[in-house]
2 protein chains.
Amino acid sequence: MSETPWQKNLINIEPYVAGEQPEFDDIIKLNANENPYPPSPEVRKVLDHFSYGDLKKYPSIDASPLREAIAEYYGVKKENVFTGNGSDDVLATAFRAFFNSDLPIVYPDVTYSFYPVWCELLKIPSKTYAVDEDFRINVKDYYEPNGGVVIPNPNAPTSIGEGRDFIVDLLEHNRDCIVIIDEAYADFGKYSAVELIDKYDNLVVTQTFSKSRSMAGMRVACAFASPYLISYMDAVKDSYNSYPMDSIAIRTGIASINDKEYFEQTVNKVIATRERVSKALKEFNFKVLESSTNFLFATHPEHDATEIFEYLKTRKIFIRYFNKPRIEQYLRITIGTDEEMDAFLSAIENFLS
Amino acid sequence: MSETPWQKNLINIEPYVAGEQPEFDDIIKLNANENPYPPSPEVRKVLDHFSYGDLKKYPSIDASPLREAIAEYYGVKKENVFTGNGSDDVLATAFRAFFNSDLPIVYPDVTYSFYPVWCELLKIPSKTYAVDEDFRINVKDYYEPNGGVVIPNPNAPTSIGEGRDFIVDLLEHNRDCIVIIDEAYADFGKYSAVELIDKYDNLVVTQTFSKSRSMAGMRVACAFASPYLISYMDAVKDSYNSYPMDSIAIRTGIASINDKEYFEQTVNKVIATRERVSKALKEFNFKVLESSTNFLFATHPEHDATEIFEYLKTRKIFIRYFNKPRIEQYLRITIGTDEEMDAFLSAIENFLS
């Protein structure tokens, strides 16, 4: 492989061979972007039939059978797939593997709150570009030279998703650094950049089983990139914690990815509920951003966000509030079941009347 | 808390709020220090009764119920316990949290092969002290000023364990740095330093469920230290990957730690087999180091180690060989079931005749 400018940003290591989480039963929990539906019933079968004695042995060091299943689902090669202990593990591994430039990495100013945390821990210089007044990312900001790019698509907590043109534009103007597209919520949206990994050898796409596959409790996530970049992520993994995925996470992950029908049903149910709730909130005069995720980001022109937030708590309904500049009048509402959302809308109606 | 010299070595981060592994069925696998017995039958019950729908929710962020169970078992406070995704995750977290000095950290020259890997990844300067000709660690080497100490006790792959006097001597001469005692194999030995964490506020003890509790496939490990040091490990965890332990790892870990009777039976069986095999190997004229672990470290004065290693492979028996200075004539033999070890001894007898 020929030397490209972004390769100097790869980490220089030798591969090692070898929000408030209330806990009551009767609450409506719309604050962690968890899926309201259980994982695929095939996950139950894995637990039923798992040969527990096998736990005495180490798991597959690269979760190989899970990588194969994910690769088959997405129509890529196994060598294009990295797996890890949840999206944070995968993203932290990617940050360390790929963001080693003296130039700052760049990401939007309203975004996932872990990016600056990793930059601090891993001593990665960083710089943010403010989203515009409609909370949209201005792709032209990212035309400037930088040490790497990380963009969540859809973005969180804004819920806004961008399409193929945006991602291609971003990639075309960032050939000299690694570009990470964090697709934690992409299954609820319209576009995934996984299809671009063959075309752009500096692209890394991350996804998680925690949201669309209802597996937050199981810690399963993955990344897609060229085999060359994946080998750097594996080198970082093997230099830090070789076996991040346990044998049951691997097996339940496979069961989940193989049950396409259940996955699509569940995602479609969440999307249908989202659209219904979005419409209802607008009828209550909320401004609701157009969501490509399993949550809504909304504000009311006449009512303080914290008042709504606190009122809902008294009704045992927990949503998410961020006391941060620009979004301090917004509320993030995870899409629950239709029943849960009816209770939410009824509480909102009571609050407003 | 008053300032002590080792505190300047603590990582400066803001806590985030909120071998060869052959895969055939008919082999005898004595190469990964796995336990030959299954985990506690209580682990099976957890899988049977686990409410799989709960996997849609995130796990406890600090694996709180598991920390409580471990604390109760060891007679310490929950605040003295950290948990992680296997010993490597726990040790890597501790290295990052505690080894931030300009002085090199120190560890023995024959030891666990991951220590230098973490030092390289995390840019920690390091220095080794050679074990003596009997593979014993000379505690006086560690009297010199340093940036931190990590000692595996028992040591691997030598299998040699040191007692209380050694550890106290080490701690008394290392008050200005953090001392990590890596007790991956301590349950098969005679001494654990967990009892010293109240007395030495710079002591961190790590343990794993992978060996003595037959849970390698489940990725469960822990550390013991003062609540102050544990809070730094939590800060590192929460800045990197907040949820390293999935809901099933937490629940099966609790089931394992609570089944003391099964644990003691299993460990005692492994120890009895170890003593029998050690004696038999000595009768074959092997030199066998005195083991406090679930493996033996042995050499034969008349036969090349690689020849024995390769011969055993032809008999589908896999042990571990390290092509490293000083130990290149030694073999590491994991203790399997009595049946497996009989097959091993019979193969050795054939080789020698």
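Report on the accompanying structure. (Residues numbered from 1 in each chain as written. Chains lettered and ligands numbered in written order. Predicted model: local features only at pLDDT ≥ 70, side-chain atom pairs only at ≥ 80, totals over all residues. Heavy atoms only, no water.)

## A few points about the pattern of salt bridges
Residues and elements named next belong to chain B. One pass over the structure, following the stated rule, counts 28 salt bridges over all chains. In this structure, aspartate 48 engages arginine 44 in a salt bridge whose closest nitrogen and oxygen atoms are separated by 3.0 Å. On the criterion of helical spacing, the pair formed by aspartate 48 and arginine 44 is a turn pair, its members being four residues apart in helix α1 (residues 41-49). Note that arginine 136 is salt-bridged to glutamate 162, the shortest N-O span being 2.8 Å. Within this pair, whereas arginine 136 is found in the loop between β4 (126-129) and β5 (149-152), its partner glutamate 162 is found in the loop between β5 and α5 (164-172), the two being separated by 26 residues in sequence. Judged by relative accessible area, which is 37%, arginine 136 ranks as partly exposed. (Salt bridge = Lys/Arg side-chain N within 4 Å of Asp/Glu carboxyl O. Helix = DSSP H or I, 4+ residues; strand = E, 2+ residues; numbered from the N terminus. Buried < 20%, exposed > 50% of the residue type's maximum accessible area, 1.4 Å probe, protein only.)

## Things to note about the packing of aromatic side chains
For any pair of aromatic rings, the description rests on two quantities: the centre-to-centre distance and the angle between the ring planes. Applying the stated rule across the entire model yields 43 aromatic pairs over all chains. Considering the side-chain rings of tyrosine 112 of chain A and phenylalanine 114 of chain A, the 6.0 Å spacing of their centres and the 35° angle between planes classify their relative orientation as tilted. A residue is classified by how much of its surface remains accessible, and tyrosine 112 of chain A, at 27% relative accessible area, is partly exposed. A centroid spacing of 6.3 Å and a plane angle of 85° characterise the contact between phenylalanine 135 of chain B and phenylalanine 297 of chain B, whose relative ring orientation is edge-to-face. Here the residue phenylalanine 135 of chain B occupies a position in the loop between β4 and β5, and phenylalanine 297 of chain B occupies one in strand β10 (residues 295-299), the gap between them amounting to 162 residues. Summarising the burial analysis for this pair, phenylalanine 135 of chain B and phenylalanine 297 of chain B share the class buried. Lying over the aromatic face of tyrosine 240 of chain A, arginine 96 of chain A brings its terminal NZ or CZ to 5.1 Å of the ring centre. (Phe/Tyr/Trp six-rings, centres within 6.5 Å; stacked < 30°, edge-to-face > 60°. Lys NZ or Arg CZ within 6 Å of the ring centre and 35° of its normal.)

## A few points about α5 of chain B
When we look at burial in α5 of chain B, the residues that qualify are Phe166, Ile167, Val168, Leu170 and Leu171 of chain B. The elements touched by buried residues of α5 of chain B are β5, β6 (179-182) and β7 (203-208) of chain B. (Contact = heavy atoms within 4.5 Å.)

## Overview of the packing of helix α3 (residues 86-98) of chain A against helix α4 (residues 114-121) of chain A
How two helices sit against one another is set out by the angle between their axes and by the gap between those axes. Residue and element names in this part refer to chain A. Where α3 meets α4, the closest approach of the two axes is 10 Å, and the angle between their N-to-C directions is 45°. The pairing of α3 with α4 is recorded here as oblique in orientation. Both α3 and α4 take part in a crossing whose hand is right-handed. Across from Asp88, Leu91, Ala92 and Phe95 in α3, the residues of α4 making contact are Phe114, Tyr115, Trp118 and Cys119. Residues that form the contact of α3 with α4 fall into these classes: seven nonpolar, no polar and one charged. (Axes fitted to C-alpha atoms, helices over the stretch in contact; angles between N-to-C directions. Parallel < 35°, antiparallel > 145°, perpendicular 65-115°, else oblique. Left-handed = near helix turned anticlockwise from the far one by under 90°. Nonpolar A, V, L, I, M, F, W, Y, C, P; charged D, E, K, R; others polar.)

## Focus on the relation of the copies chain B and chain A
Each copy superposes on the other: chain B lies on chain A with an RMSD of 0.0 Å after a rotation of 180° and an axial shift of 0.0 Å. On the angle and the small slide along the axis, the relation comes out as a two-fold axis. When the interface residues of chain B are mapped onto chain A, 100% of them again lie at the interface, so the same face is used by both copies. (Least-squares fit on C-alpha atoms with pLDDT ≥ 70 in both.)

## Some words on the nonpolar core
Of all hydrophobic cores here, the largest spans 115 residues; its most connected members are Leu196, Leu203, Phe224 and Ile248 of chain A together with Leu196, Leu203 and Ile248 of chain B. Non-local contacts of leucine 196 of chain A, meaning those with residues more than four positions away in its chain, are made with Arg164, Ile167, Val168, Leu171, Tyr191 and Leu203 of chain A. Within the second largest apolar cluster, 62 residues are counted, among which are Val150, Ala225 and Leu229 of chain A together with Ala92 of chain B. (Core = buried A, V, L, I, M, F, W, Y, C linked by side-chain atoms within 4.5 Å.)

## Describing the sheet that holds strand β13 (residues 331-334) of chain A
Residues and elements named next belong to chain A. With antiparallel pairing, the four strands of this open sheet are ordered in space as β9-β10-β13-β12. This sheet does not close on itself; its edge strands, each paired only once, are β9 (287-288) and β12 (320-321). Two strands pair when backbone bridges link them, and β12 and β13 are joined in this way by two bridges, in the antiparallel orientation. Each bridged residue has a counterpart across the sheet, and for arginine 320 the counterpart in β13 is arginine 332. (Pairing = 2+ DSSP bridges.)

## Concerning the sheet that holds strand β9 (residues 287-288) of chain B
All names here are of chain B. The strand order across the open sheet built from four strands is β9-β10-β13-β12, with neighbouring strands paired in antiparallel fashion. Across the chains shown, the open sheet's two edge strands, defined by having one partner strand only, are β9 and β12 (320-321). Taken together, the two bridges between β9 and β10 define a ladder with antiparallel strand orientation. The residue of β10 that forms the bridge with valine 288 is alanine 298.

## Description of the interface of chain B and chain A
Listed as interface residues are 59 residues of chain B and, on the opposing side, 59 residues of chain A. Remark: the boundary between chain B and chain A carries zero salt bridges. Linking chain B with chain A are 30 residue pairs in polar contact (both at pLDDT 80 or more). (Polar contact = N/O pair within 3.5 Å; in protein donor to acceptor, adjacent residues only side chain to side chain.)

## Some details on unusual backbone geometry
Residue and element names in this part refer to chain A. Of note, the bond from alanine 156 into proline 157 is cis; its omega dihedral lies within 30 degrees of zero at 5°. Structurally, proline 157 can be placed in the loop between β5 (149-152) and α5 (164-172). The backbone of serine 159 sits at a positive phi, close to 80°, despite the residue not being glycine. As for its placement among the helices and strands, serine 159 is situated in the loop between β5 and α5. One non-glycine residue, asparagine 285, lies in the positive phi region at around 75°. Inspection of the secondary structure assignment puts asparagine 285 in the loop between α8 (260-283) and β9.

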